[in-house]
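So the chains spell out like this:
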Amino acid sequence: GLQIWQTNFGDEEPSVATDLNNIGMIEARLGNYAGATARLADALARSERGFGAANRLTALIRCNLGHAHALSGDLERGRRFCEQAIADLRRDGAGARSELVRALRKLGQQHLWAGQPQQAVHVHDEALQVAHELGADIAALEVAQTAVARASAVLSSGDLAAARLALDESLAAVRALGGSP
């Protein structure tokens, strides 16, 4: 897809940013963090030029780049990128709620990696609150995914009673989707 866009629309076509973002995320999942951060940095630059720095897609790419940095071990840099993306998504308002939930979950995960379970729980609590404000179908999925992430964060905090409650909440959210954990 990337080569087709570049051939037909030129190297500066803003939509190339989406392909580079997707490729970068695949590289991160495969453990190629250097390749992931390079692709995502390129995607971010293109998205900023084409769509603007505060655009929803640009914010998501910024958060993905931060997540790739965190995966590579640079937790501080990853957190900064994600926090900037979250600030941009908050400014975007109601139209970016689903993206905000996903960005908050990534930031919560980074707090866990940094050994900060209480901050992770706080971030996941905010993500749950935003997820509940989404439309019914999207909200159910986002709530379930965020509830599971929150349960993991609570468990890491060492509060077993709260972890049990969080696990029960996450199971209920998954069951509401029609799953049977």
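In this report, the structure presented in the accompanying data block is examined.

Conventions used here
Residues numbered from 1 in each chain as written. Predicted model: local features only at pLDDT ≥ 70, side-chain atom pairs only at ≥ 80, totals over all residues. Heavy atoms only, no water. Helix = DSSP H or I, 4+ residues; strand = E, 2+ residues; numbered from the N terminus. Buried < 20%, exposed > 50% of the residue type's maximum accessible area, 1.4 Å probe, protein only. Core = buried A, V, L, I, M, F, W, Y, C linked by side-chain atoms within 4.5 Å. Contact = heavy atoms within 4.5 Å.

## Some thoughts on the environment of Ser152
Among the secondary structure elements, Ser152 is positioned in helix α8 (residues 136–157). Considering only alpha carbons, one finds Ser152 and Val121, 31 residues apart in sequence, at a separation of 8.7 Å.

## Things to note about the environment of Asp125
Looking at the element boundaries, Asp125 is found in helix α7 (residues 117–132). Residue Asp125 is classed as partly exposed on the basis of its relative accessible area of 32%. Note: C-alpha distance between Asp125 and Arg150 (25 residues apart in sequence) is 7.2 Å.

## Some points on the nonpolar core
A general trend in soluble globular proteins is that nonpolar side chains are found buried together. Counting 22 residues, the largest nonpolar core has Ile86, Leu89, Leu100, Val101 and Leu104 as the members making the most contacts within it. Those elements that provide at least two residues to this core are α4 (56–71), α5 (75–92), α6 (97–113), α7 and α8. Excluding residues that lie within four positions of it along the chain, Leu104 makes contacts with Ile86, Arg90, Val123, Glu126 and Ala127. Of all hydrophobic cores here, the second largest spans 13 residues; its members include Leu20, Ala36, Ile61 and Leu65.

In short, the description is geometric, and any link to function would need to be established separately.
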